[in-house]
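Overview (structure and organization)
Read off the chains here:
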Amino acid sequence: MRKIELLVPASSLEVLKIAVIFGADAVYIGGEAFGLRAKAKNFSHDDMKEGIAFAHEHGVKVYVTVNILAHNYDLAGVREYLTELKELKPDALIIADPGIYMYAKEICPEIERHISTQANNTNYETYRFWYNLGAKRVVTARELSLAEIREIREHIPDDMEIETFIHGAMCISYSGRCLLSNYLAGRDANQGACTHPCRWKYSIVEEKRPGEYMPVFENERGTYIFNSKDLCMIEHMDDVINSGIDSLKIEGRMKTALYVATVARTYRKAIDDYMESPEKYQANMPWYQEQISNCTYRQFTTGFFYGKPDENTQIYDNNTYQKEYTYLGFAEAVDERGYAQITQRNKFSVGETIEIMKPDGQNVSVTVKGIYDEDGNPMESAPHAQQKLFVDLGTEIDVYDLLRRAE
């Protein structure tokens, strides 16, 4: 049995720390340039330095994305950026472009190189190609089945690692290489600026009848013809763990701390339970299913893992996320009174019932006893997001515990 890594995304220093505390074996992050999530908060040089140090203190690895498909004008900046990363010492770089790969091999050869899903890695010869160039790991294309992944494992060296997405949003273009955003909005998905037009509502217009909109599907409001359900493999961890995959990757570098904590904690327990006993994993299935449905999602599918997706993997009539909980903040510190210091994310009030979400799997229902501003003044509620508060929950709370409210 290969050691299984749980790889979790982080959009900011705060989310990185939450991912680490809630069960990640590794996190992947982007800097302020040359990654494919330009709209994410991403990491400044100082945040990246602090995040890498925090993760390493907790025995967790950090991988940095340098996965744009570069143009000539990018290359000088890429070299400079790789020189900065050499000093920061992340555990690996995630790369899609062969030119950037060769720069990384030259400038920081001591840092592992992982090949991004953007490189369209669909067969074992591709894996062997990258292995012979010194790559430690290749991320499978989203379009592979578990049977194909098992076949790749059989044909590549034992010390080469396979990473695969097991949860999160699915792109409708091949391995995420999409032209829609560039064409419709002038923002290039392959340069990190995707506007997600695959989630927009569409109708058909016939060439000779401009202005006459016809629904693509039987729905008078139009249809979401590119709108995939979200990938979720929580019910199939037995197949995933036994497929030869080394790293199980969660999608979501644009997601909140609550999403990351929920998904990381759920998959952490599922992996650990299965490794302890397949029977324990099956017995705890209702808990995994309940927890994973508590975070924002767009219905679930198993993607390509069991064959080619059909119409059942698409959502044609809406672009609505399912949302069970609202994120209120997390305990950044606990003072001598036992009050949690938080930066409020959404409004809540004294007397309201909320939940403390703990890394060990507990969800503790509490009533808000008091809210105080930074000067100690009592408040009935805090209407402003990002306000610094002290909260009396009438029970013990630990640093990094999350606060959430059921919808």
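Read on for an overview of the structure.

Criteria and thresholds
- Residues numbered from 1 in each chain as written.
- Predicted model: local features only at pLDDT ≥ 70, side-chain atom pairs only at ≥ 80, totals over all residues.
- Heavy atoms only, no water.
- Axes fitted to C-alpha atoms, helices over the stretch in contact; angles between N-to-C directions.
- Helix = DSSP H or I, 4+ residues; strand = E, 2+ residues; numbered from the N terminus.
- Left-handed = near helix turned anticlockwise from the far one by under 90°.
- Contact = heavy atoms within 4.5 Å.
- Nonpolar A, V, L, I, M, F, W, Y, C, P; charged D, E, K, R; others polar.
- Salt bridge = Lys/Arg side-chain N within 4 Å of Asp/Glu carboxyl O.
- Buried < 20%, exposed > 50% of the residue type's maximum accessible area, 1.4 Å probe, protein only.
- Phe/Tyr/Trp six-rings, centres within 6.5 Å; stacked < 30°, edge-to-face > 60°.
- Pairing = 2+ DSSP bridges.
- Core = buried A, V, L, I, M, F, W, Y, C linked by side-chain atoms within 4.5 Å.

1. Considerations on the packing of helix 2 (residues 45–57) against helix 3 (residues 75–88)
At a minimum axis distance of 10 Å, the contact between helix 2 and helix 3 shows a crossing angle of 35°. In terms of crossing hand, the pair formed by helix 2 and helix 3 is right-handed. Across the interface between the two elements, His-45, Met-48, Lys-49 and Ile-52 of helix 2 pack against Tyr-81, Glu-84, Leu-85 and Leu-88 of helix 3. Residue composition of the contact of helix 2 with helix 3, grouped by class: five nonpolar, one polar and two charged.

2. Concerning the pattern of salt bridges
Within the structure shown, the criterion is met by 21 salt bridges. Among the ionic pairs, Glu-110 bridges to Lys-86, the shortest N-O distance being 3.1 Å. Of this pair, Glu-110 sits in the loop between helix 4 (98–107) and strand 5 (112–115) while Lys-86 is found in helix 3, placing the two residues 24 residues apart along the sequence. For the salt bridge of Lys-269 with Asp-273, the shortest nitrogen-to-oxygen distance reads 3.2 Å. Of this pair, Lys-269 and Asp-273 both sit in helix 9 (residues 257–276), separated by four residues, roughly a single helical turn. Look at Lys-269 and you get partly exposed, because its relative accessible area is 27%. Under the relative-accessibility criterion, Asp-273 is labelled buried at 3%. Several salt bridges converge on common partners, so that one network encompasses Glu-5, Arg-137, Glu-161, Glu-163 and Lys-249.

3. Side note on the packing of aromatic side chains
Between two aromatic rings, the relevant description is the distance of the centres plus the angle of the planes. Taken as a whole and judged by the stated rule, the model has eight aromatic pairs. Both rings, one in Phe-129 and one in Trp-130, keep their centres 5.2 Å apart while their planes meet at 80°; by these two values the pair is edge-to-face. Residue classification places Trp-130 among the buried positions, given a relative accessible area of 7%. Joined through ring pairs, the aromatic side chains of Tyr-274, Tyr-281, Trp-287 and Tyr-288 make up one cluster.

4. Considering the sheet that holds strand 15 (residues 340–343)
With antiparallel pairing, five strands are arranged side by side in an open sheet as 14-15-20-18-19. Each having just a single partner strand, strand 14 (333–334) and strand 19 (378–379) make up the two edges of the open sheet. Taken together, the three bridges between strand 18 (residues 370–372) and strand 20 (residues 388–392) define a ladder with antiparallel strand orientation. Across the sheet, Tyr-372 pairs through a bridge with Phe-390, a residue of strand 20.

5. Digging into the nonpolar core
Of all hydrophobic cores here, the largest spans 94 residues; its most connected members are Ile-29, Met-48, Leu-85, Leu-93, Met-237, Tyr-267 and Leu-402. Here the element with the most residues in this core is helix 9; it accounts for eleven residues. With near-sequence residues (within four places) excluded, Tyr-267 lies in contact with Leu-6, Ile-166, His-167, Cys-232, Met-233, Ile-234, Met-237, Ile-250 and Ile-292. If you look at the next biggest cluster of nonpolar residues, it comprises 17 residues, including Ala-340, Ile-342, Met-379 and Val-391.

Keep in mind that these numbers describe shape and distance, not what the molecule does.
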